[in-house]
2 protein chains.
Amino acid sequence: MTAAERGRRRRGRGAEAAPQPGRDVNYRQLRNPFPQMEVFPADQIADMHDTALRTLEELGVKTLLPEARKLFKQGGARVDEDTEMVFVGREMVEAAVASAPKSIACRAGSRRRDFTLELGSLVFQPGAGAPNATDLERGRRPATGQDYLEFLKLTHHFDVFQMISPQVEPQDVPTHLRHYFTTRAQMELTDKFPFFFSRGTPQVMDCFEMLTTARGLSDDAFRGNAHCYTIINTNSPRTLDIPMAQGLIDFARHGQMSIITPFTLMGAMAPITVAGAITLSHAEALAALTLTQLANPGAPVCYGTFTSNVDMKSGAPAFGTPSHFQASLAAGQLARHLGLPWRSAAGSASNTNDVQAANENQFGLWGCIMAGATVIIHSAGWLEGGLTVSFEKLVCDAEVLNMVAELCAGVQAGSSEIGFETALSEVEPSGHFFASSQTMERYNTEFYQPHVHDYANFGTWAERGSVDANHRATDVWKGILNDFRAPAVDNDRIGDLHGFIARRTAEGGAPPES
Amino acid sequence: MTAAERGRRRRGRGAEAAPQPGRDVNYRQLRNPFPQMEVFPADQIADMHDTALRTLEELGVKTLLPEARKLFKQGGARVDEDTEMVFVGREMVEAAVASAPKSIACRAGSRRRDFTLELGSLVFQPGAGAPNATDLERGRRPATGQDYLEFLKLTHHFDVFQMISPQVEPQDVPTHLRHYFTTRAQMELTDKFPFFFSRGTPQVMDCFEMLTTARGLSDDAFRGNAHCYTIINTNSPRTLDIPMAQGLIDFARHGQMSIITPFTLMGAMAPITVAGAITLSHAEALAALTLTQLANPGAPVCYGTFTSNVDMKSGAPAFGTPSHFQASLAAGQLARHLGLPWRSAAGSASNTNDVQAANENQFGLWGCIMAGATVIIHSAGWLEGGLTVSFEKLVCDAEVLNMVAELCAGVQAGSSEIGFETALSEVEPSGHFFASSQTMERYNTEFYQPHVHDYANFGTWAERGSVDANHRATDVWKGILNDFRAPAVDNDRIGDLHGFIARRTAEGGAPPES
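Residues numbered from 1 in each chain as written. Chains lettered and ligands numbered in written order. Predicted model: local features only at pLDDT ≥ 70, side-chain atom pairs only at ≥ 80, totals over all residues. Heavy atoms only, no water.

- By the naming in an unreviewed UniProt entry, chain A goes by Methyltransferase and is assigned to Ruegeria atlantica.
- UniProt lists a comment for chain A under the heading Sequence similarities (unreviewed entry), and it reads "Belongs to the trimethylamine methyltransferase family." (UniProt positions renumbered as here; feature names shortened; annotations may be inferred.)

Digging into the sheet that holds strand 2 (residues 61–63) of chain A
Residue and element names in this part refer to chain A.
Stage number 1. Taken in spatial order, the 4 strands make up an open sheet running 3-4-2-11, and their pairing is mixed. Both edges of this open sheet fall to strand 3 (78–80) and strand 11 (239–240), since each of them pairs with a single strand only.
Stage number 2. When strand 2 meets strand 11, the two strands line up parallel, connected through 2 bridges. Bridge pairing in strand 11 links T63 to L240. (Pairing = 2+ DSSP bridges. Helix = DSSP H or I, 4+ residues; strand = E, 2+ residues; numbered from the N terminus.)

Regarding the relation of the copies chain B and chain A
Stage number 1. Laying chain B over chain A is done by rotating through 180° and shifting 0.0 Å along the axis; what remains is an RMSD of 0.0 Å. Interpreted geometrically, this transformation is the action of a two-fold axis. Proximity to the rotation axis, assessed at the C-alpha, singles out B:V355 in chain B; its C-alpha lies 2.5 Å from the axis.
Stage number 2. When the interface residues of chain B are mapped onto chain A, 99% of them again fall at the interface, so both copies present the same face. (Least-squares fit on C-alpha atoms with pLDDT ≥ 70 in both. Contact = heavy atoms within 4.5 Å.)

Looking at the nonpolar core
Stage number 1. With 310 residues, the main nonpolar core has A:M257, A:W366, B:M257 and B:W366 as its most contacted residues.
Stage number 2. In contact with A:W366, other than residues within four places in its own chain, are A:F34, A:F325, A:V404, A:L407, B:F325, B:Q362, B:F363, B:W366 and B:M370. (Core = buried A, V, L, I, M, F, W, Y, C linked by side-chain atoms within 4.5 Å. Buried < 20%, exposed > 50% of the residue type's maximum accessible area, 1.4 Å probe, protein only.)

Looking at the sheet that holds strand 1 (residues 30–31) of chain A
Residue and element names in this part refer to chain A.
Stage number 1. In spatial order, the strands read 1-7-17-16-14-12-10; together these 7 strands make up an open sheet with mixed pairing. The sheet terminates laterally at strand 1 and strand 10 (229–232), the two strands that pair on one side only.
Stage number 2. Sheet topology places strand 12 (residues 257–260) next to strand 14 (residues 301–304); 2 bridges connect them, and they run parallel. Across the sheet, the residue bridging to I259 is C302, located in strand 14.
Stage number 3. Its contacts with the sheet place helix 13 (residues 391–409) against strand 1 and strand 7 (121–124), and it is angled at close to 165° to strand 7. (Axes fitted to C-alpha atoms, helices over the stretch in contact; angles between N-to-C directions.)

Topic: the packing of aromatic side chains
The geometry of an aromatic ring pair is captured by the separation of the ring centres together with the interplanar angle, meaning the angle of the planes.
Stage number 1. Summed over all chains, the structure comprises 43 aromatic pairs over all chains.
Stage number 2. Judged by centre distance (5.9 Å) and plane angle (15°), the rings of A:F193 and A:Y229 are stacked. Placement of the pair is A:F193 in the loop between helix 6 (178–189) and helix 7 (201–215) and A:Y229 in strand 10, with a sequence separation of 36 residues. Like A:F193, the residue A:Y229 is buried in the burial classification.
Stage number 3. Ring plane angle 25° and centroid distance 4.8 Å describe the contact between A:F263 and A:F306, whose orientation is recorded as stacked. You can see A:F263 sitting in strand 13 (residues 263–266) and its partner A:F306 sitting in strand 15 (residues 306–309), a full 43 residues away along the chain.
Stage number 4. Note on A:F263: relative accessible area 27%, which makes it partly exposed.
Stage number 5. Feature note: the residues A:F34, A:F325, A:F363, A:W366, B:F34, B:F325, B:F363 and B:W366 constitute an aromatic cluster, connected by ring pairs. (Phe/Tyr/Trp six-rings, centres within 6.5 Å; stacked < 30°, edge-to-face > 60°.)

A look at the packing of helix 13 of chain A against helix 12 (residues 355–370) of chain B
Each packed pair of helices is defined by two parameters, the angle between the axes and the distance between the axes.
Stage number 1. Contact geometry for helix 13 of chain A and helix 12 of chain B: axes closest at 10 Å, N-to-C directions at 25°. When the axis of helix 13 of chain A is compared with that of helix 12 of chain B, the two are roughly parallel. Of the two elements, helix 13 of chain A crosses helix 12 of chain B, and the hand of that crossing is right-handed. Judged by residue contacts, A:C396, A:V400, A:M403, A:V404 and A:L407 of helix 13 of chain A engage B:V355, B:N359 and B:F363 from helix 12 of chain B.
Stage number 2. Looking at side-chain class alone, the contact of helix 13 of chain A with helix 12 of chain B contains 7 nonpolar, 1 polar and no charged residues. (Parallel < 35°, antiparallel > 145°, perpendicular 65-115°, else oblique. Left-handed = near helix turned anticlockwise from the far one by under 90°. Nonpolar A, V, L, I, M, F, W, Y, C, P; charged D, E, K, R; others polar.)

Quick word on the interface of chain B and chain A
Stage number 1. Every contact between the two is made by 114 residues of chain B and, on the other side, 113 residues of chain A.
Stage number 2. Taken over both partners, the interface formed by chain B and chain A buries close to 9500 Å², and the fraction arising from carbon and sulfur atoms is 68%.
Stage number 3. Linking chain B with chain A are 2 salt bridges, by the criterion used here.
Stage number 4. Its salt-bridge partner being B:R54, residue A:E421 comes within 3.7 Å of it at the nearest N-O pair.
Stage number 5. Tallying contributions element by element places helix 12 of chain B first for the side of chain B that touches chain A, with 9 residues.
Stage number 6. Looking at the side of chain B that touches chain A residue by residue, the class counts come to 58 nonpolar, 35 polar and 21 charged. (Buried area = accessible area lost by both parts, 1.4 Å probe. Salt bridge = Lys/Arg side-chain N within 4 Å of Asp/Glu carboxyl O.)

Section: the packing of helix 2 (residues 42–59) of chain A against helix 10 (residues 274–295) of chain A
Residues and elements named next belong to chain A.
Stage number 1. Two elements in contact, helix 2 and helix 10, have axes whose closest approach is 8 Å; the angle formed by their N-to-C orientations is 55°. When the interaxial angle is binned, helix 2 and helix 10 end up oblique. Along this stretch, helix 2 crosses helix 10, giving a crossing that reads as right-handed. Within the contact between the two elements, helix 2 uses M48, H49, T51, A52, L53, T55 and L56 and helix 10 uses A275, I278, T279, H282, A283, L286 and A287.

Observations concerning the pattern of salt bridges
All names here are of chain B.
Stage number 1. Counted by the stated rule, this structure contains 62 salt bridges over all chains.
Stage number 2. Ionic pairing is found between E188 and R184, a salt bridge with its closest N-O pair at 3.1 Å. On the criterion of helical spacing, the pair formed by E188 and R184 is a turn pair, its members being 4 residues apart in helix 6 (residues 178–189).
Stage number 3. Looking at R184, the relative accessible area reads 36%, which means it is partly exposed.
Stage number 4. Close ionic contact of R223 with D219 constitutes a salt bridge, the shortest N to O distance being 3.2 Å. Here R223 pairs with D219, and both are found in helix 8 (residues 219–224), just 4 residues apart, close to one helical turn.
Stage number 5. We classify R223 as partly exposed; its relative accessible area is 38%.
Stage number 6. The exposure class of D219 is partly exposed, given its relative accessible area of 48%.

Here you go:
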C-alpha cells in the first residue's frame, strides 16, 4: 500500500481526515548530540598543549607582516626583526585564550539564518577554495563566475549548510574585481552567513562596506556582532604570511570572525605523527588567535585544524583516513582544553564522485562529528583534495549531512511511540503494521525523505535506465537551479551596493595583496 | 621524495640501515574504542523493556514447532495448543537472561582466529544470505557454488572479517546437498569461525559432524565451546517458525551459538516508530533467547536486532537511514540493559555499487559502532537490501572496515610522537618534514595503506584511464582470488570429511525442513 493509498483510506475515516503536514525538521541551528571521543589521555593532551606553548616560546613563528610583529612586540613577545621571527610567551597565549569569546553569535541576512558558534553547536560548510568545478554534463574545468553563482545557489538551497563557503574561484573574473562579484552574489542570492577572503586590507574594507550597505547595518551594529567571516590558513610549519596576518587584524578590529585553520599534512608540512602534527597545528592556531586578541581583545575567533596525512609512497595528500580521523579527535580535545568553538574538515582525495569519494568524505565527517567540531568545512562536494568541487558530489554529500541533521533532531520513546495499544496489540502474529493506528497517524512525517537515494527495487531501477546516484544527482542539482528563488532583498540597499561596486570598479578595484 | 628514495637515503646512514618492517596491525581481535551513544533516556529504555515483557506475557508469540511449545510450557509459560500461542512470563525471561553467558569464547580453526564475543568486542561479517551475486565482469546473476567459493576466499582474505557469513546461496547446488558443499568449503578454504544454516535437525547434525571431523574435535571439546554459529530470524511480528525454533534448540543443546536477529522494517512488519519497532524486536529476541536457555541453560546466545524503515511512499525497504541508525542505538541500550553480546547490521538498498551504496553502508555502520554492537553483519558487499552481494562492494566496504580497525588499534602521543626534538625543532619555518628524524623512523609504518582508494593526482589518474573505485575494485578481488592460498589443513581429517559427505550423499542427503 502506498502512502497515497493510505491517504485515501485515511480520508475515508471521517474524523481523522485532516491532511498531515509533511516532515519539517529545522536543520538551520543544530546541536551535536553525538558522544565525543578521546584519542589521547588527558595528560598527553596537556603535554601537547605544553609543547605547543614551548614551540611558540623557543622556536617562534615567522611573521611576515610588520604590523603583526609590532602588535606581538607591544603585547610582550620577543621579536627578531632581521629574521622576522616572533617568540610568543605562554602568558600572552593564555591571556588571548581568556579574552576570546567562548560563544559567538553569528548574524546572517535574516534571523532564521542566525546561529551561535560554541562548543556543542554543529555547523556545516560545503567544500571550499577549489580552482576547478566539475559536473557530469560540462566536465572538469577551471571554475567560472557562473560556477560560483550556481554553487552559491546550491549552498543556499540546502538548509544544512548554515554558512556560505568560497566553494570555487571564479577564474574568469579579474582578481581586482573578484571580491565585488562574490560579495554581490552573496548579498543578492542568499541570506546565509557570508564569507570574505583576506587578500589585503583594501579588499576586506570593500567587502565590509558592501555588507553593511546591503544589510543596512550601522557601524555600531556591524561591530557589535559577527556578520561575516574569513578563513586564515597558516603556512605550516610556523609561518604567518602577509595577507593572513592582515586579515586576522582587520577582521578582529571590526569585530568580525576569523576561523583559523592550519592546514597541515602529516609527513609533509607537519610531523608524520598525529601527536606531532596536531601539536604544530595547535601552536600555529594559538599564535594566530593571540594576534586577533592583541588587535582587539574579545574579537570573535574560531580555533581550528585541518590535518590529514600524505601517502608516503608518493607524497600525495590523503583524506578520510584513520590518521585524519585521529587528528580531528586530538584537535577536538585541545579545543575543549581551550573552551573555544572550533573548525575541522572532511574531504576526499578521489578524482571523481565515486565510492572512494563517498567513503572518504563520510569517514572524515564522523571523525569531525565525534571530535565535537563546531564547524565542519569541506563537508560536501570536495574532490581531488580540494582542487575541484563537484556538483554531483555536493548533492550526494548533502544527503549524508541531512541524515546527520536528522539525528541531531532526535526521536522520542514515549508511550505513544512505543505504542502498545496503537500498534503492538493491534497486529496479529505475522501480520503487518501498514494500517495500524500508529502508522496512520505518522506515515507522512515519520521518516526522512532522501533527495538522491533511491529505494526502487532492482527491476524498477533497471527499467528506469539503471541510473546510479552520481547520475541521479545531476538531475537533482539541475532541478534546484531551475527552481531557484532568491530570498527577498531590500531593493534600495541593493541599488546602493551596485552603485558602490560601479564606483570602486571605475576607481580600479582592489588587487589582492600578498 | 618517495618512500623508496627515503629508503635508499636511509640505508646510506649506516647504523640505521636495517629495513623497517611494513605496517602490521592485528584486525583479528578488536575492541570497540568508540563512545556509545544513547538515543533514549534510561527511563524510556526501561519502559521499552517492560513493554516487551508485557508483549510476551499478554500478546504472546506464535510458536509453530511443537517441541518448542513443549519446552516453553515445561518452563512455566502458558501455551494455547490450538492457536500455537505461547505466553512467556517475565520471570522466565529474567531467568534466561541471567543464565545466558555474558562472554562467549569463539573457537575457530586456529587459535589466531579465535575471538571473544562480549560487550566491548567488535566483530565484522560481510553481507549474508543473498540469492544473487554481482560483479562488473559477469553481471548480476543467481548465485552459484563458484560465487560461494569466491566470496568465501575473499572473506578469508580480509582479516577484518572475523566470522564467515553465508554470503550467497549457491543455487546450482541441490538444497538437500547444499550444506555439504558449504561446510566442506568452510573447512577447506578458511580457518575462520564458520556459519551453518538452521534448516532442520538432519542438516544441522550433518554440519556438526562435518565440523568435528574436519577440526578433530571430541564430543566434549565440541560442546565445551562455541565452534560455529547460526543466525535465527524471527518472523515478525511475534512468530517463531519451525526451522528457526529447531535451530535454537539444536544449537543450544550442543553448546553452539545462535545469533538471534529479528529483522524488522518500521512501518511494515514492525511499528512505524523506532521505539515501537525496537520494543517488538526486543520482545521477539527475548522469546528466542529464552528458548535457548530452556533447551540448555548457559548455552551461548547472542542478542540482536536488524531494524530499518521502509519508504512509506512505496513500501520498499531502506537502509543506512536516520531511523536505522537510531534503531541500532536503541537496541544497543537494550543489549547493555541485558549485559549480553549482540549483533546489529549495516547494509544498503542501492542497486549498484555507487555513492548511495557507500554512503548508506557507512552511515549504518557508524550507527552500529556507536551503538556498541558486538557483531556487525552485512558490513560489506550487501546491495538491494540483501538480494545481491557485490564483489566490488565487498572490496570497497572492506576498506572502510580496515580503517575502523585501525582506529581500534589506537595511536600514541608520548614524547617520541610529539617529537619536539626529532621533528618540531628540526624543521625551519615553511620547511618540510619529509626528512626529519621522526619521519625517517616511521615513514614505512605510520599510515594505513589502502587497497582500493587511490591518491594519484587528477593528471596521473586520467592518464591511467580515469578508473573509478568500483572498477579498481574488480582488479582487487581478481588479484585476491588469483593469489589465494588456503590455510593448512589436516589431510587425514579432510579425507574423513570427504568420506562422510560421500556416504551421506549416497544416502540421499538431508533436505531442508520448513
